[in-house]
Amino acid sequence: MSFPGEEVDRQLCRDAIFPIPVACDAPCPKDCVLSTWSAWSSCSHTCSGKTTEGKQIRARSILAYAGEEGGAQCPNSSALQEVRSCNEHPCTVYHWQTGPWGQCIEDTSVSSFNTTTTWNGEASCSVGMQTRKVICVRVNVGQVGPKKCPESLRPETVKPCLLPCRKDCIVTPYSDWTSCPSSCKEGDSGIRKQTRHRVIIQLPANGGKDCTDPLYEEKACEAPQVCQSYRWKTHKWRRCQLVPWSVQQDSPGAQEGCGPGRQARAITCRKQDGGQAGIHECLRYAGPVPALTQACQIPCQDDCQFTSWSKFSSCSGDCGAVRTRKRTIVGKSKKKEKCKNSHLYPLIETQYCPCDKYNAQPVGNWSDCILPEGKVEVLLGMKVQGDIKECGQGYRYQAMACYDQNGRLVETSRCNSHGYIEEACIIPCPSDCKLSEWSNWSRCSKSCGSGVKVRSKWLREKPYNGGRPCPKLDHVNQAQVYEVVPCHSDCSQYVWVTEPWSICKVTFVNMRDNCGEGVQTRKVRCMQNTADGPSDHVEDYLCDPEEMPLGSRECKLPCPEDCVITEWGPWTRCTLPCNQNSFRQRSADPIRQPADEGRACPDAVEKEPCNLNKNCFHYDYNVTDWSTCQLSEKAVCGNGMKTRMLDCVRSDGKSVNLKYCEELGLEKNWQMNTSCMVECPVNCQLSDWSPWSECSQTCGLTGKMIRRRTVTQPFQGDGRPCPALMEQSKPCPVKPCYRWQYSQWSACQVQDAQCGEGTRTRNISCVVSDGSADDFSKVVDEEFCTDIEPIIDGNKKVVLEETCTQPCPGDCYLKEWSSWSMCQLTCVNGEDLGFGGIQVRSRAVIIQELENQHLCPEQTLETKSCDDGQCYEYKWMASAWKGSSRTVWCQRSDGINVTDGRLKTWVYGVAAGAFVLLIFIVSMIYLACKKPKKPQRRQNNRLKPLTLAYDGDADM
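Residues numbered from 1 in each chain as written. Predicted model: local features only at pLDDT ≥ 70, side-chain atom pairs only at ≥ 80, totals over all residues. Heavy atoms only, no water.

**Digging into the overall build of the protein**
Here is the rule we go by: The helix count covers DSSP runs of H or I at least four residues long, the strand count covers runs of E at least two residues long, and both are numbered beginning at the N terminus. Burial classes follow relative accessibility: with a 1.4 Å probe on protein chains only, a residue under 20% of its type's maximum area counts as buried, one over 50% as exposed, and anything between as partly exposed. Any two residues having at least one pair of non-hydrogen atoms within 4.5 Å are treated as being in contact. Computed with the Shrake-Rupley method and a 1.4 Å probe, the accessible areas treat only the protein chains shown as cover for residues.
The secondary structure content of the protein amounts to four helices and 64 strands. Taking all 956 residues of the protein together, 25% fall into the buried category. In the protein, 67% of the contacts between residues at least 6 apart in sequence involve partners at least 24 apart. As displayed, the protein offers around 66600 Å² of accessible surface, 51% of which is attributable to carbon and sulfur atoms.

Here it is, written out as structure tokens:
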């Protein structure tokens, strides 16, 4: 900072405006006093679309009027303002607008190069091309035809780019096939399969080969040896026979011919189909031999004797009615009071009649909308192969279940139903894309050289419901389809025509000599050129804007003593090739010599060097892009022709008249026409629906039937695409699921003792369910299971009696086995490791007295292999906080909460089983690697044997 009067460095004043003294006239006191001229205003310009006219204004004001007579008078108001023409601001009405660069697409015409690394570290292996949309825009209007923008300023629409290296999908080889069962298994009717898999180790990227090959394969095992099933067939019990006298002696009433006896029955061995088989087959495959004898009683005189029960009476009442059967007392029993006791010996039995009241309920979801057989709508006037619409009114179905008054599932016929609820539905017909007819071709976009002609179709109606799609729409205007072909315009058909220059309007007038500098103007028009010369006035954009002559210029009105020369003549042509060492020139001729010999005329010849693309140009041929495939009139597909144009291009990129290239005798050996093919539209064609499959379930509520169809002809061109629905399903009629089921075991009965080893029994009954895991089976009459083989839980061996142990006080004993857990596979990251699956069950040890704990075994676990499991993942889930608490649960990958409910037990069981399996594998590895030692004697901690008190009986 400096203060007034302080000297500073001259460098600081270098860019300051230094005042320069100028000459001026001081006004006389009597003259009119005027201010100095203001600065010229900025050039105001008006754009009319044809010419650009600009004006500048400056003014001055009167400071003091003339005093006494004889003083210089003030000028009138028009003399206080001056106007001059200017042409400083070009009028930009049309300009190019660019869109974003598109995706980099490989250019197959450029050979691939060695791998390079781009800025982001990714390897590049090939050259691609990027394109972008370039449109011509009018200010404040929008898109217009490309012919209104100067072609020389058109931005690039294509540029090269680098493509990253392709990465193909890489997978491991297949694992070995899993093993098949080596022998038949009794009761195993399922289809066994072998599987193998492989793992993706590199995913595809950058257009590399996709992972199309299957990662999982399966095939059916060869049919195992059929295990023939056998069963024991029992016959009626024979008459009761008394026990021989030698056995009955010392028994009371032994001489009466009554009392305990034995009765026998015959058994035979049968195949599953009922055929006769040898007894040894059943001894081998059918399990224990049924009892051949049983105890019976021949009534004595003191016993109560009755007739056999009669048949039940018929049911005549409604739901809730009963039916009865009777028997009577016979013989001497009629007189015995104890035989008349109806509580001990009832003479009438009652039973509820089968209920005839049924309730129908809909179950499951609605099926797909299914057309009646043969319902196909064909379009009138088919233009496209396969133009058939599968649409119209159809029906959808929902299964109907029938229940009796006790909530038991029964046949749907009991509810007078054919098993379905039907509802009408509509499959909408596809509507194709609809376009207008082609518009007329536009004029050629360039008035000189090669341009393009455009015609378009407008979108009238979009496709819906799977109709034929529209052709590729213009990405800027989504309602229009363009077709572009090259065209060529004669460069001399439109020319600029100028009128003579106006007189020189002098702005600085030398009043004494009437001379000085000024401005000349002239009108410039674009005219259509004909053989007779320019004729009609046309729009200015048809002429080359770069060649437009000036509409105004500076001029000088010569003073009497000045030299006067003619207008400059045309420039001479530069010699080719362009070289700065060569020159071009123009000349003018003197008209009047200067009056003052000291003022010589200027040089009458101007020279300038020949600079490339400034005043000297090279020329070469160029070919346009191929047009779209042009078909014959009214044709929509088939053989056509593509064309392109030859253009003469100046070295600065501007198209010029072909004569410039022809004068140089340049070679032109391009093919201008070639044949092409437009693919005809073919609609997707499908096969007929297959017959409905068998029901997926033999009974229950959830069975489905499926039918499928396949693509027989893929769609081509603009044909109708294939529908997504290639499979339909509908529910099966509901059928009750009948099966045999065990009752609960009876209490363990020990003969003649309170504890020890005894027997327990159970029965089988016929039950019905709806096939779901949530339905508890309900007991029904055995007649419903008469056609069902007695197989319980997959086992043909029906066990109704078994030994059991009634623990004595203080003993350890085992609880019943739990049910088997679900099959759990050994998985990592959702992939089966191929070790197979395991199922687990356990039984607990009850310790009655704590001091016996060392004698009791630990809880027992059992595992077995399985192969129908799935891979699951487990993770902890948590709800939102509510105050200071929230719910936390373990969720399986299929969405099931396994923390609580029925699944909790098997989850823990499977976890324990998996832990046991892991410990077993580790132990085997350890034992295989460890040196053997001498075996040591171990204390036997097995279950303590149960003992019975000896009562002195010799039979013990």
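**Some points on the sheet that holds strand β60 (residues 831-843)**
Put simply, the rule is: At least two DSSP bridges between two strands are needed for those strands to be called paired. Fitted lines through C-alpha atoms give the axes, limited to the stretch in contact for helices. The angle between two N-to-C directions lies from 0 to 180 degrees.
With antiparallel pairing, the three strands of this open sheet are ordered in space as β59-β60-β62. Looking at the sheet topology across the chains shown, the edges are occupied by β59 (824-828) and β62 (860-866). Sheet twist, expressed as the average angle between the axes of neighbouring strands with direction ignored, equals 40°. Sheet analysis places β59 next to β60, joined by four bridges and oriented antiparallel. What sits directly across from L825, in β60, is G837.

**Here we look at the sheet that holds strand β56 (residues 778-780)**
Spatially, three strands are ordered β53-β55-β56 in an open sheet, and the strand pairing comes out antiparallel. Here the strands that pair on one side only, and so sit at the sheet edges, are β53 (737-742) and β56. Neighbour-to-neighbour, the strand axes of the sheet open up by a mean angle of 50°, direction not taken into account. With three bridges joining them, strand β55 (residues 764-769) and β56 adopt antiparallel strand pairing. Pairing of V767 across the sheet is with V779, part of β56.

**Looking at the side chain of S655**
Condition: Here a polar contact is recorded for every N or O atom pair within 3.5 Å, except that within protein the pair must consist of a potential hydrogen donor and a potential acceptor, and residues adjacent in sequence are included only if both atoms are side-chain atoms.
Assignment of secondary structure puts S655 in strand β47 (residues 655-656). There is a polar contact of 2.8 Å between the side chain of S655 and the side chain of D647. Not counting residues up to four positions away in its chain, the partners in contact with S655 are K446, C448, G449, D647, C648 and V649.

**Considerations on the state of the cysteines**
Our working definition: When the sulfur atoms of two cysteines come within 2.5 Å, that pair is taken as a disulfide.
Enumeration according to the criterion identifies 27 disulfides in this entry. What pairs with C823 in a disulfide is C866, and their sulfur atoms sit 1.9 Å apart. Looking down the S-S bond of the C823 and C866 bridge, the torsion is 90°, so its handedness is right-handed. Of this pair, C823 sits in the loop between β58 (812-814) and β59 while C866 sits in strand β62, and the two are 43 residues apart along the sequence.

**Section: the packing of aromatic side chains**
Stated precisely, the cut-off is as follows: Any two rings among Phe, Tyr and Trp, with Trp reduced to its six-membered ring, count as a pair given centres within 6.5 Å; such a pair is stacked if its planes are under 30 degrees apart, edge-to-face if over 60, and tilted if neither. Consider the ring centre and the ring normal. A charge sits over the ring if Lys NZ or Arg CZ is within 6 Å of that centre and within 35 degrees of that normal.
Evaluated as defined, the whole model comprises four aromatic pairs. Where Y397 meets Y420, the ring centres are 5.7 Å apart and the plane angle is 65°; that geometry is what we call edge-to-face. You can see Y397 sitting in strand β28 (residues 392-404) and its partner Y420 sitting in strand β30 (residues 420-427), a full 23 residues away along the chain. For the pair Y397 and Y420, a shared accessibility class is recorded, and that class is buried. Above the face of the Y660 ring, K659 is positioned so that its terminal group lies 5.6 Å from the ring centre. Sitting above the plane of the Y397 ring, K730 keeps its charged end 5.2 Å from the centroid.

**A few points about the environment of S229**
The topology assignment puts S229 in the loop between β16 (216-220) and β17 (230-234). Overall, the relative accessible area of 15% leaves S229 in the buried class. As a C-alpha pair, S229 and C282 span 53 residues in sequence and 8.8 Å in three-dimensional space.

**Thoughts on the pattern of salt bridges**
Short version of the rule: A pairing counts as a salt bridge when a side-chain nitrogen of Lys or Arg comes within 4 Å of a carboxyl oxygen of Asp or Glu.
All told, the structure shown has 19 salt bridges when counted by the stated rule. The shortest N-O distance in the salt bridge between R525 and E499 comes to 2.6 Å. Residue R525 is found in strand β37 (residues 524-530), and its partner E499 is found in the loop between β34 (494-498) and β35 (505-506); the two are separated by 26 residues along the sequence. With its nearest N and O atoms 2.9 Å apart, the salt bridge here joins E606 to R586. Placement of the pair is E606 in strand β43 (residues 605-609) and R586 in strand β41 (residues 583-587), with a sequence separation of 20 residues.

**Details of unusual backbone geometry**
Excluding glycine, most residues fall at negative phi; most peptide bonds, likewise, are trans. Along the chain, L576 connects to P577 via a cis peptide bond; the corresponding omega equals -5°. Looking at where P577 falls in the secondary structure, it is placed in the loop between β40 (564-565) and β41. The phi angle at N613 is positive, at roughly 70°, despite the residue not being glycine. Its place among the elements puts N613 in the loop between β43 and β44 (619-623).

**Some points on the environment of G145**
Locating G145 in the fold gives a position in the loop between β11 (142-144) and β12 (158-164). Note: C-alpha distance between G145 and R443 (298 residues apart in sequence) is 9.4 Å.

**Regarding the confidence of the model for the protein**
Definition in use: pLDDT is a per-residue confidence score from the predictor, ranging from 0 to 100.
Considering every residue of the protein, the mean pLDDT works out to 76; 79% of them sit at 70 or more. Low pLDDT (under 50) marks residues 901-906, which in the prediction has 11 contacts with non-local residues, meaning those over four places away or in another chain. Ignoring residues within four places in sequence, the model shows residues 930-956, a span with pLDDT below 50, making 19 contacts including any to other chains.

**Description of the side chain of T268**
Counting through the fold element by element, T268 comes out in strand β20 (residues 267-271). Engagement of the side chain of T268 in a polar contact is seen with the side chain of H235, the distance being 3.3 Å. Discounting chain neighbours no more than four positions away, the residues touching T268 are R231, W232, K233, H235 and Q276.

**Remarks on the environment of A277**
Tracing the backbone through its elements, the reader meets A277 in strand β21 (residues 276-277). Put simply, A277 and R231 are 46 residues apart on the chain and 9.3 Å apart in space, counted from C-alpha to C-alpha. In this view, A277 contacts Y230, C269, R270 and K271; residues no more than four positions away in its chain are not counted.

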